[in-house]
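Chains, contacts and geometry: an overview
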Amino acid sequence: QKARVHQQLSDLRTATTFTRGLLHCGPDHHIVRAKVLALSRLQDLSHGDRSKAEQVEPVSIQFSPLEQAGPCRGYQVYGAVQRGGVDPERCEVKGQGLHSGSLGALCSFTLISKNKVEEPQEQPRVTVLHKESGRALQPSIQDNHDGTYQISYTPTEAGHLSVSVCVRSRHIKGSPFNVTVRGPLRSHPGIYHCCTFCSSGGQKDARCGCGGAMPGGYQGCGHGHKGHPGHSHWSCCGSISEKSECSGVKDSAPRNLLRTVAL
């Protein structure tokens, strides 16, 4: 903490000394040209000062004999002296709920506290926000009493979510997280087949969602084509998973590819 404070003071002195020298000694055209640089640097120092949040008295000091302390002369050294309490920089999150989800379906992930002690700790603060509408969701936070927390929420809108996870009033690594929420499950309007040429009854202008084509002027894909060689796929979107969600018509494929639906 002392080293961080000294660095912040040094940065502040350098920035203020430069700005004062520029205003007192610099010609007018130099002041105008350096205005953006000086203001930008001062704003960064003002907004980026987190010394108050970081200078937190530790609950305790502990020695963790099994904690990796890093390599030394080619050997992995164990044993580290750490401050007690949860360190936001060492927390991890795992789970699909931080990457994607479905509208109306429960999404969840796990927060793992790497540096935990026996003393009771402050519960993490989790904020879930729909980016498009700005509507906030109320997440559920369950303490597993083993240094981990189970966090869950249910999206009410399709689109994108912002999930912030804060421990001791500080964001953990990677926070806020961007989550994509899919809309209601879309069924495939096409057919599941390995060859659009066969499924269309041999029509020359029938196209497939996978974008594959055959030689000889045929627009649809055939057996062993480059896109999905020998694999069955949906004619509407090219997905090779039979029980998947329809991803819709690809931009590269013309709209008349849905001619194969009725066959």
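Heads up: the structure comes first, above all this text.
Residues numbered from 1 in each chain as written. Predicted model: local features only at pLDDT ≥ 70, side-chain atom pairs only at ≥ 80, totals over all residues. Heavy atoms only, no water.

Considering the overall build of the chain
Of the regular secondary structure elements, the chain holds four helices and 14 strands. Taking all 263 residues of the chain together, the buried fraction comes to 33%. If you take every contact in the chain between residues at least 6 apart in sequence, the share linking residues at least 24 apart comes to 57%. About 16700 Å² of surface is accessible on the chain, with carbon and sulfur atoms providing 53% of the total. (Helix = DSSP H or I, 4+ residues; strand = E, 2+ residues; numbered from the N terminus. Buried < 20%, exposed > 50% of the residue type's maximum accessible area, 1.4 Å probe, protein only. Contact = heavy atoms within 4.5 Å. Areas by Shrake-Rupley, 256 points an atom, 1.4 Å probe, with all protein chains shown as cover.)

Topic: the packing of aromatic side chains
All told, the structure shown has two aromatic pairs when counted by the stated rule. Where F197 meets Y218, the ring centres are 5.1 Å apart and the plane angle is 85 degrees; that geometry is what we call edge-to-face. You can see F197 sitting in helix α4 (residues 196-199) and its partner Y218 sitting in the loop between α4 and β14 (233-234), a full 21 residues away along the chain. For F197, a relative accessible area of 27% corresponds to the partly exposed category. Here the basic side chain of K204 rests over the ring of Y218, its NZ or CZ set 5.4 Å away from the ring centre. (Phe/Tyr/Trp six-rings, centres within 6.5 Å; stacked < 30°, edge-to-face > 60°. Lys NZ or Arg CZ within 6 Å of the ring centre and 35° of its normal.)

Quick notes on the pairing of strand β5 (residues 107-112)
Burial of the side chains of β5 is restricted to one face: C107, F109 and L111 are buried, whereas none of S108, T110 and I112 on the reverse face is. Two strands pair when backbone bridges link them, and strand β3 (residues 92-94) and β5 are joined in this way by three bridges, in the antiparallel orientation. Across the sheet, E92 pairs through a bridge with I112, a residue of β5. Where β5 meets strand β9 (residues 148-153), six bridges bridge the pair, whose relative direction is antiparallel. Within the sheet, the bridge partner assigned to C107 lies in β9 and is Y153. (Pairing = 2+ DSSP bridges.)

Re helix α1 (residues 2-25)
Compared with the 34 Å implied by 1.5 Å per residue over 24 residues, the 34 Å span of α1 between its first and last C-alpha is a close match. Looking at α1, one finds that the buried residues are A15, T19 and L22. (Expected span 1.5 Å × (residues − 1).)

So, the pattern of salt bridges
Inspection of the entire model under this criterion finds one salt bridge. In this structure, R135 engages E157 in a salt bridge whose closest nitrogen and oxygen atoms are separated by 3.4 Å. Linking R135 in the loop between β6 (125-130) and β7 (136-137) with E157 in the loop between β9 and β10 (159-167), this pair joins segments that are 22 residues apart in sequence. Exposure remark for E157: the relative accessible area of 17% places this residue in the buried category. (Salt bridge = Lys/Arg side-chain N within 4 Å of Asp/Glu carboxyl O.)

A few points about unusual backbone geometry
Excluding glycine, most residues fall at negative phi; most peptide bonds, likewise, are trans. The step from S175 to P176 runs through a cis peptide bond, and the omega angle for that step is 0 degrees. Tracing the backbone through its elements, the reader meets P176 in the loop between β11 (170-171) and β12 (177-182). At H145, a position not held by glycine, the phi torsion is positive, near 60 degrees. Mapped onto the elements, H145 comes out in the loop between β8 (140-143) and β9. For H145, a relative accessible area of 71% corresponds to the exposed category.

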